[in-house]
Amino acid sequence: MDWLQALIMGIFQGLTEYLPVSSSGHLALAAELLGVEDPEKIMTFTIAVHVATVLSTLVILWKEVAWIFKGLFKTGNDIVPSPHGIRYFNEEQNYALLIIISMIPVGIVGLFFKDQVEAYFSSLMVVGVCLCITATLLAFSFFSKPRTKDHISYRDAFVIGIAQACAVLPGLSRSGSTIGTGLILGDKKENLAQFSFLMVIPPILGEALLDVKKMMEEGVEAAMAGISVPALIVGFLAAFITGCIACKWMINIVKKGKLIYFAIYCAIVGLATIIWQLFA
């Protein structure tokens with residue numbers, strides 16, 4: 001992978017991590033079109049661009065992250081009833097608990113089914129089908145009109161977490177699955193984008209740590225095979241900068257309720273990918 005390919009792949013990762021169009025699916029398509037070795041096999045590059053997008057989330061939502069961490073250590077008179085009627089947690093601690101609950105499904109998938117899931121990343125047909133599923137979910141969430149709830153419940157956090165776990169498949173958008181599921185459950189648009197982006201930080205960092213461990217076991221030289229340090233830096237910066245732009249843009253898009261356009265896009269790309277694979 002040269003620096004230009006790394007730049008393009010980094011831009012794809014940064015943009016599609018937040019837009020509801022599936023970053024894994026688009027990386028697989030981009031790798032095929034650019035003639036790049038599957039980025040999932042270039043472990044160092046994969047780790048770098050995923051960490052870059054996590055950092056972009058922290059930059060854009062740093063006030064919310066600081067609010068959560070500051071509230072975790074409040075005690076005594078600072079404790080107030082949570083939106084769910086539990087008086088043992090303040091609002092920040094309750095929000096952190098929602099994130100922990102949402103992590104349970106993807107944690108189970110990551111620990112017990114990681115190898116099985118990774119086997120699907122080599123199939124562009126799977127990418128095409130999953131993009132069509134993403135389009136269907138986004139369209140359904142756009143047209144459904146459930147009763148709106150003021151707060152994300154523990155049950156909703158777990159169901160949204162299941163959607164995130166399903167989105168480990170290439171072509172199933174993580175942000176599209178989590179936000180679309182939340183909208184169908186009746187959660188407010190204003191709450192969902194922020195929660196969707198914050199809930200993914202621990203799983204991505206956890207996966208990155210597991211990949212680093214694997215990289216150390218296999219040897220750094222093997223992990224760096226196929227990519228130079230300058231190309232790695234270019235890919236990281238591209239993913240970080242575009243991630244910042246996409247994260248802020250996506251929050252505004254969700255608030256305005258314009259996900260239907262991404263449903264149309266995913267349907268077109270998904271069907272085109274399926275046709276391509278059928279007649280290639």
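The structure displayed is predicted, hence computed values, not measured ones.

Peer 1: How would you summarise the packing of aromatic side chains if you had to cite specific residues and measurements?
Peer 2: In total, this model carries four aromatic pairs according to the counting rule given. On the basis of an interplanar angle of 85° and a centroid distance of 5.0 Å, the ring pair of Tyr-18 and Phe-197 is categorised as edge-to-face. Here the residue Tyr-18 occupies a position in helix H1 (residues 3–18), and Phe-197 occupies one in helix H10 (residues 189–199), the gap between them amounting to 179 residues. Their ring planes at 90° and their centres at 5.0 Å tell us that Phe-142 and Phe-143 sit as a pair that is edge-to-face.

Peer 1: Account for the packing of helix H8 (residues 154–166) against H10, naming residues and giving values.
Peer 2: The geometry of H8 relative to H10 is characterised by a closest axis approach of 12 Å and an angle of 60° between their N-to-C directions. Overall, the two elements H8 and H10 adopt an arrangement that is oblique. Crossing angle aside, the handedness with which H8 passes H10 is right-handed. From H8, Ala-157, Ile-160, Gly-161 and Gln-164 reach across to H10, where they touch Leu-192, Phe-195 and Met-199. For the contact of H8 with H10, the class distribution of residues is five nonpolar, two polar and no charged.

Peer 1: Before we move on, can you summarise H8 with the specific residues and values?
Peer 2: Over its 13 residues, H8 extends 19 Å from the first C-alpha to the last, a length consistent with the 18 Å expected when each residue adds 1.5 Å. Looking only at H8, the buried set comprises Tyr-154, Asp-156, Ala-157, Ile-160, Gly-161, Ala-163, Gln-164 and Ala-165.

Peer 1: Residue-level account of the environment of Cys-166, with values.
Peer 2: Examined against the element boundaries, Cys-166 turns out to sit in helix H8. Along the backbone, Cys-166 and Val-109 are 57 residues apart, and their C-alpha atoms lie at a distance of 8.6 Å.

Peer 1: Hey, could you go over the side chain of Gln-164 for me, with residue numbers and the actual values?
Peer 2: Within the element layout of this structure, Gln-164 appears in helix H8. Classification of Gln-164 by relative accessible area gives buried; the value is 3%. Not counting residues up to four positions away in its chain, the partners in contact with Gln-164 are Ser-102, Val-106, Arg-174, Thr-178, Met-199, Val-200 and Pro-203.

Calculation rules
- Residues numbered from 1 in each chain as written.
- Predicted model: local features only at pLDDT ≥ 70, side-chain atom pairs only at ≥ 80, totals over all residues.
- Heavy atoms only, no water.
- Phe/Tyr/Trp six-rings, centres within 6.5 Å; stacked < 30°, edge-to-face > 60°.
- Helix = DSSP H or I, 4+ residues; strand = E, 2+ residues; numbered from the N terminus.
- Axes fitted to C-alpha atoms, helices over the stretch in contact; angles between N-to-C directions.
- Parallel < 35°, antiparallel > 145°, perpendicular 65-115°, else oblique.
- Left-handed = near helix turned anticlockwise from the far one by under 90°.
- Contact = heavy atoms within 4.5 Å.
- Nonpolar A, V, L, I, M, F, W, Y, C, P; charged D, E, K, R; others polar.
- Expected span 1.5 Å × (residues − 1).
- Buried < 20%, exposed > 50% of the residue type's maximum accessible area, 1.4 Å probe, protein only.

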